[in-house]
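# Observations on the three-dimensional arrangement
Next come the chains, spelled out residue by residue.
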Amino acid sequence: MLAGAVKRSCPEHYHIVPLDLPDFDITDYNLVVTTLAQLRPDGIINCAAHTNVDACESERDRAEQVNTRGPANLARAAKLTNARLVHISTDFVFDGEKGLPYVEEDVVNPQSVYGRTKALGEQTILDSGLKEYFIVRTSWLYGPGGKNFVDTIIRLAKEKESIRVVSDQTGSPTYTEDLAQALWSLVSLHDTHYGIYHYANEGQCSWYEFAQEIIRQLRKKGDNLMVKDIIAIESKDYPQPAKRPAFSVLSKDKIKQATGITIPSWQVSLERYIRGNNQ
């Protein structure tokens, strides 16, 4: 989902070599080093992750391999080949108890296997000795090419009269096309700006409010919907294997100051996605 957006938004002066399973596996250190030694890239953008949050709870070894060992392998290979590393991380590294937007320097305290393996993945990069890295935490990602909340609500709105959505988790939706543009903005920066960054679309909402806005925009677009009611429920009424942070809004001040980018509101970006979506 994100890698597709990165490829679509690649500036003309860059050439992308896409690598994916089964030919390239970030958990295989020897394969990673051999491949990157041959390619000698200027930069590596790691969009690979085990992102099924609930599955990670029962697939701990796989989550650790992909989300922790994978970034460690890429960082070591990047150091050996003098490449920059751009690594995508998540709001799930935080516990959601702060009540204010998280800044990059806030202490991580993940509450799930997914969050823990992603936090450890960040730490492996910090511990690798690699100087030229960007770790970009993001949240509530959606876009073409992958399973996501927006597509799920669009499908349910056409199939069901009533939809139940959690209302006590707050965050910021992120459109993959916007995140991809931000990643390219970071890649073009000079070496004084390496480090950890946060990116999401501007504004915040609950999953319930997100669903309401999706339905509103679908109706505005003229889609034929079956749904009549969107019902707000609490997390305890929709038990899931992995604990979610109750409040995971990310502060974007650092990336805006470093790159000068303007970040669209989540409602504006959602409208762009829905208008271009032919479901």
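Structure: see above.
Residues numbered from 1 in each chain as written. Predicted model: local features only at pLDDT ≥ 70, side-chain atom pairs only at ≥ 80, totals over all residues. Heavy atoms only, no water.

Another aspect to go through is the pattern of salt bridges. On inspection of all chains with the given rule, the structure shows 15 salt bridges. In this structure, K236 engages D237 in a salt bridge whose closest nitrogen and oxygen atoms are separated by 3.6 Å. On the basis of relative accessible area, K236 is assigned to the exposed category, the value being 62%. When the shortest N-O distance is used, the salt bridge between R275 and E271 registers 3.2 Å. Of the two residues, R275 and E271 are both situated in helix 10 (residues 266–275); the distance of 4 residues between them amounts to about one turn of the helix. Residue class for E271 comes out partly exposed when judged on its relative accessible area of 23%. If you follow the salt bridges from partner to partner, you end up with E202, K252 and K256 in one network. (Salt bridge = Lys/Arg side-chain N within 4 Å of Asp/Glu carboxyl O. Buried < 20%, exposed > 50% of the residue type's maximum accessible area, 1.4 Å probe, protein only. Helix = DSSP H or I, 4+ residues; strand = E, 2+ residues; numbered from the N terminus.)

Another point: the pairing of strand 3 (residues 133–138). Successive residues of a regular strand alternate their side chains across the two faces of the sheet. In terms of burial, strand 3 is a largely internal element, 6 of the 6 residues being buried. Both faces of strand 3 are covered, namely the face carrying Y133, I135 and R137 and the face carrying F134, V136 and T138. One ladder, built from 6 bridges, connects strand 2 (residues 84–90) with strand 3; its direction is parallel. Across the sheet, the residue bridging to L85 is Y133, located in strand 3. (Pairing = 2+ DSSP bridges.)

Here we take up the packing of helix 2 (residues 29–39) against helix 4 (residues 60–81). At a closest axis distance of 9 Å, the pairing of helix 2 and helix 4 adopts a crossing angle of 30°. Judged by the angle between their axes, helix 2 and helix 4 are roughly parallel. Crossing of helix 2 over helix 4 shows right-handed handedness. Between helix 2, through Y29, V32, V33, L36 and A37, and helix 4, the contact on the second element is made entirely by N73, L74, R76, A77, L80 and T81. Split by residue class, the contact of helix 2 with helix 4 holds 8 nonpolar, 2 polar and 1 charged. (Axes fitted to C-alpha atoms, helices over the stretch in contact; angles between N-to-C directions. Parallel < 35°, antiparallel > 145°, perpendicular 65-115°, else oblique. Left-handed = near helix turned anticlockwise from the far one by under 90°. Contact = heavy atoms within 4.5 Å. Nonpolar A, V, L, I, M, F, W, Y, C, P; charged D, E, K, R; others polar.)

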